[in-house]
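# Overview (structure and organization)
Given next are the chains, with one letter for each unit.
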Amino acid sequence: GPDKVLFCFGCGYTSLALFGALRAKGWTVHATCRTEGKQRRLRECGLPAHLFSPADGICLDAAGREALAASAAVLSTISPADEG
């Protein structure tokens, strides 16, 4: 149901392990990534991925904003920028 939707900013090794465990328990998981190549690979694995990279001027599109608004939980695993 709607109480089992997670939106994660950033999608790396640790968050991918968490996603697998949550999806096995019936969660819907959305994640952001910075490149179209990674977005394609994540989507091929069944993970709804949304481009997001403010440093590069890439904001969430309408589908990403809708997924975020529908999420019961939000996790951020984005590493800090070079300047901290």
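Preceding this section is the structure that the text describes.
Residues numbered from 1 in each chain as written. Predicted model: local features only at pLDDT ≥ 70, side-chain atom pairs only at ≥ 80, totals over all residues. Heavy atoms only, no water.

This paragraph deals with the layout of surface pockets. Approximately 470 Å³ is the volume attributed to the largest pocket. Contributing to the lining of the largest pocket are 18 residues, with Arg-34, Phe-52, Ser-53, Ile-78 and Ser-79 lying nearest its centre. In the lining of the largest pocket, the residues fall into eight nonpolar, seven polar and three charged. (1 Å grid on protein atoms, 1.4 Å probe; cavity = no way out; pocket = protein on both sides within 12 Å on 5 of 7 lines; lining within 4 Å. Points joined across faces, edges and corners; volume = space filled by probe spheres on them. Nonpolar A, V, L, I, M, F, W, Y, C, P; charged D, E, K, R; others polar.)

Aromatic ring pairs are described here by two measures, namely the spacing of the ring centres and the angle between the planes. Following the criterion strictly, the structure yields two aromatic pairs and no others. Chaining the aromatic ring pairs together yields one cluster made of Phe-7, Phe-9 and Phe-52. (Phe/Tyr/Trp six-rings, centres within 6.5 Å; stacked < 30°, edge-to-face > 60°.)

On the basis of which strands lie adjacent, the open sheet formed by four strands has the order β3-β2-β1-β4 and parallel pairing. Both outer strands of the open sheet, β3 (49–51) and β4 (73–76), are each paired with one neighbouring strand and no more. This sheet shows a mean twist of 20 degrees between the axes of neighbouring strands, independent of strand direction. Looking at chain direction, strand β1 (residues 5–9) and strand β2 (residues 28–33) are connected through four bridges and run parallel. Residue Cys-8 lies in a different strand from β2, and its bridge partner there is Ala-31. Against the sheet, helix α2 (residues 36–44) touches β2 and β3, its axis set at about 170 degrees to β3. (Pairing = 2+ DSSP bridges. Helix = DSSP H or I, 4+ residues; strand = E, 2+ residues; numbered from the N terminus. Axes fitted to C-alpha atoms, helices over the stretch in contact; angles between N-to-C directions. Contact = heavy atoms within 4.5 Å.)

The next subject is α2. Helical geometry: 3.6 residues make up each α-helical turn, so side chains three or four residues apart lie on a common side. When we look at burial in α2, the residues that qualify are Gly-37, Gln-39 and Leu-42. After α2 finishes, the residue Gly-46 shows a positive phi value of roughly 90 degrees. (Buried < 20%, exposed > 50% of the residue type's maximum accessible area, 1.4 Å probe, protein only.)

The next point concerns the nonpolar core. One finds Leu-6, Cys-8, Cys-11, Phe-19, Leu-22, Val-29, Ala-31, Cys-33, Leu-42, Leu-47, Ala-49 and Leu-51 forming the largest nonpolar core, which totals twelve residues. Looking at this core, the elements with two or more residues in it are β1, α1 (13–24), β2 and β3. It is β2 that contributes the most residues to this core, three residues altogether. Leave out the neighbours within four places in its chain, and Leu-51 touches Cys-33, Arg-34, Thr-35, Glu-36, Gln-39, Ile-58, Cys-59 and Leu-60. (Core = buried A, V, L, I, M, F, W, Y, C linked by side-chain atoms within 4.5 Å.)

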